[in-house]
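Commentary on secondary and tertiary structure
Single-letter residue listing:
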Amino acid sequence: MDKYIWLIPILPLAGFIINGIGRNTLSKAVIGFIGSALVLISFGISVGLFLQINDTHKAINVDLFNWFTAGSVKISFAFLIDQLSALMLLIITGVGFLIHLYSVGYMKDDAGFGKFFAYLNLFIFFMLLLVMGSNYLIMFIGWEGVGLCSYLLIGFWYTNPDYADAAKKAFIMNRIGDLGFIIAIFIIMVIFGSANFADIFKLAGTKGFASAPYTIITILLFVGAIGKSAQLPLFTWLPDAMAGPTPVSALIHAATMVTAGVYMIARSNILFTLAPATMHIIAVVGLTTAVLAALIALTQTDIKKVLAYSTVSQLGYMFLGLGVGAYTGAFFHLLTHAFFKALLFLGAGSVIHAVSGEQDMRNMGGLSGKLKITFITMFIGTLAISGIPPFAGFFSKDEILAHTFMHSTPMYIIGVITAMFTAFYMFRMMYLTFFGKFRGTHEQERHLHESPSSMTIPLIILAGLSIVGGFIGVPEALGGHHWLEHFLAPVFEKSTALLVVPELSKSTEITLMCISVGGALLAILYAYVKYIKNAHVPVRDTEERPALVDISYHKFYIDELYDAIIRKPLDALSVFFDKVVDRLGIDGFVNGLGKGSIEASKGLRLLQTGNVGFYIFMMVAGIISILMYILIKA
């Protein structure tokens, strides 16, 4: 399969070019087919590569051409397909194809159908480039590319000022993190003399210096991951990204962009293992993000906002896993999250499609009978994200919590409580959306209908993956062999040798599982009592809420805080530079020179009288002046 690797990213790029050029001439059927089929072919090639690597247990390096040489540094445009990137290719192309297929039905009435599919294909191309690159520079190209595409897709309906602002917010906040990433790349090239993963990871740990350089590099890399994967303090762009069409939300929040930071740290695992201080920071930031996002999700009434903050929280879990050295567990959760979160977002889109664009759960209810496929598949996704066995999220979340328990008991307790919050707000979403009486308008109720097959088929496939996806990582305590851990072992080999992880007994591990599952079930029961038995519906925005609920509903006023301490001071500083430094200073100096020249020329012009006698007088005066100067100098 080696000779076909280059086709994996090129096919989506070809889809972008074809659909971009023909967006106004090709039919929607042709555009949808081209955009989806090319990603599906990439998926087929990715499956072949995965099977080859699974059989040979050897990474594949494909050196396409020499990109550039600067002094002793030679950078090749090359691809690396190993166990880590092979799994990522399956997720990106597989889930990406399902999202493309779903978009055929969801966007069928949109005037920008062709442009939308062109952007989706370009997004897939850059994400593939990010995970396939054999060095940090190619990864950075893909990194920046998905940032650009997220801006285009979030602001797809740019005529709405709020949507355009959300796109700009995502773009700007990502640039903050990207600055840290590119500085880290420069330092890596200075220290290791290369940007290639193979060269860097081979030398890591053999250099004759302490952990300080590794700490600096990894903190800067983590800053990049904070921006892309929406961790504190750069997470507020992700909920606002809901401004884009629902397939975009699924693409950004599940399979692609937000997982880039997790992938980058997992790829660079040995550098982070050699920087224990950075690992601790990652664990604390990840856990704090998970808790804060879960607390906000508890009170949200927009169905997509609930899922958005859920994504931030689950990403926090992944970073918690990375911080405590559970690299396999964090990546495992990345995989399972791709299944159930894509399912939940696409399911939410199906609900929104059925209720004529309504997103407020206070105006839903009683939809389980009308949207049977959507309800059943979303229910499966909700069980998976809540960590209920045997669904996918149970196995991956349990592995992170088990490693956290070995690392820090207080962190473990907070992690379990956060898992309980997750189960509560997800079943709260299900109860408000699908149970009770319909609370929307009579017109909406008349038009309630299940989505077309192009939308429900991806839901069914993703629901199946949410059920069986966790079985690739069944722990030994439950009689499994954890296939994923053995498959990824070569990628994390050096880190595993350095990390000192105490063994958990089977009884302790099973006890921890029971605690997390029991906590989730209690949270589900409480949500049932509150929203089904007592038929509670969140109050309208015009009504008063309890103080803590109000703080959570307004997202802890973090956006307002950033507005007060960052945006407004920067605006004031920019006004100062505009009016004082630019207009009075720089413009004043330049304009002063111009005005001075004009005024001087006006004075000199008076000497041009046109009188011949005056000119003779001036010539004589000039000659006398020259003679006097010569005599004095002599």
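Here the structure is a predicted model, which is why all the values come from computation and not from measurement.

1. Re the overall build of the chain
Helices and strands together make up the secondary structure of the chain, namely 26 helices and two strands. When the backbone C-alpha atoms are referred to their principal axes, the chain occupies close to 115 × 65 × 55 Å. Put simply, the chain has 634 residues, and 54% of those count as buried. Looking at the chain alone, contacts between residues at least 24 apart form 81% of all its contacts between residues at least 6 apart. Per element, the accessible surface of the chain, about 26,600 Å² overall, is 69% carbon and sulfur. Measuring between centres, the 40 positive side-chain charges of the chain sit 4 Å from its 37 negative side-chain charges.

2. Describing the packing of helix α15 (residues 327-354) against helix α17 (residues 392-407)
As a packed pair, α15 and α17 sit with axes 8 Å apart at the nearest point and diverge in direction by 155°. It follows from the interaxial angle that α15 and α17 lie roughly antiparallel. Here the hand of the crossing between α15 and α17 comes out left-handed. Contacts from Thr328, Gly329, Ala330, Phe332, His333, Thr336 and Phe340 in α15 reach Ala392, Gly393, Phe395, Ser396, Lys397, Glu399 and Ile400 in α17. Here the contact of α15 with α17 is built from residues that sort into six nonpolar, six polar and two charged.

3. Remarks on the nonpolar core
Counting residues in each nonpolar core, the largest one holds 192 residues, and the members touching the most others are Tyr136, Trp237, Leu271 and Met429. For this core, the element with the most residues is α15, which contributes 18 residues. Look past the residues within four positions of Trp237 in its chain and what remains in contact with it is Ile154, Lys169, Ala170, Met173, Asn174, Gly227, Lys228, Ala230, Ile252, Met257 and Val258. In this structure, Leu287, Tyr317, Ile400 and Leu512 belong to the second largest nonpolar core, which totals 13 residues.

4. Description of the environment of Ile200
Locating Ile200 in the fold gives a position in helix α7 (residues 197-203). Judged by relative accessible area, which is 0%, Ile200 ranks as buried. Distance in space between the C-alpha atoms of Ile200 and Tyr214 is 12 Å, their sequence separation being 14 residues.

5. Some points on the side chain of Gln83
Its place among the elements puts Gln83 in helix α3 (residues 83-106). When near neighbours in sequence (up to four residues on either side) are disregarded, Gln83 contacts Ile53, His57, Phe487, Leu488, Pro490 and Val491.

6. Brief notes about unusual backbone geometry
In this chain, Leu232 is followed by Pro233 through a cis amide linkage whose omega measures 0°. Tracing the backbone through its elements, the reader meets Pro233 in the loop between α8 (212-228) and α9 (237-240). Cis geometry is adopted by the peptide bond preceding Pro390, which originates at Pro389 and carries an omega value of 5°. Along the chain, Pro390 turns up in the loop between α16 (372-385) and α17. Look at Ser356: it is not a glycine, yet its phi comes out positive at around 60°. Structurally, the position occupied by Ser356 is in the loop between α15 and α16.

7. Brief notes about the pairing of strand β1 (residues 60-70)
For β1 and strand β2 (residues 73-81), the ladder comprises nine bridges, and the chain directions are antiparallel. Paired with Ala70 across the strands is Val73, a residue of β2. A loop of two residues connects β1 with β2, the two strands running antiparallel in sequence, and Gly71 in this loop sits at a positive phi of about 65°.

Thresholds applied
Residues numbered from 1 in each chain as written. Predicted model: local features only at pLDDT ≥ 70, side-chain atom pairs only at ≥ 80, totals over all residues. Heavy atoms only, no water. Helix = DSSP H or I, 4+ residues; strand = E, 2+ residues; numbered from the N terminus. Buried < 20%, exposed > 50% of the residue type's maximum accessible area, 1.4 Å probe, protein only. Contact = heavy atoms within 4.5 Å. Areas by Shrake-Rupley, 256 points an atom, 1.4 Å probe, with all protein chains shown as cover. Lys, Arg positive; Asp, Glu negative; His and termini not counted. Charge placed at Lys NZ, Arg CZ, Asp CG, Glu CD. Axes fitted to C-alpha atoms, helices over the stretch in contact; angles between N-to-C directions. Parallel < 35°, antiparallel > 145°, perpendicular 65-115°, else oblique. Left-handed = near helix turned anticlockwise from the far one by under 90°. Nonpolar A, V, L, I, M, F, W, Y, C, P; charged D, E, K, R; others polar. Core = buried A, V, L, I, M, F, W, Y, C linked by side-chain atoms within 4.5 Å. Pairing = 2+ DSSP bridges.

Fair warning: the whole summary comes from geometry, so function is off the table for now.
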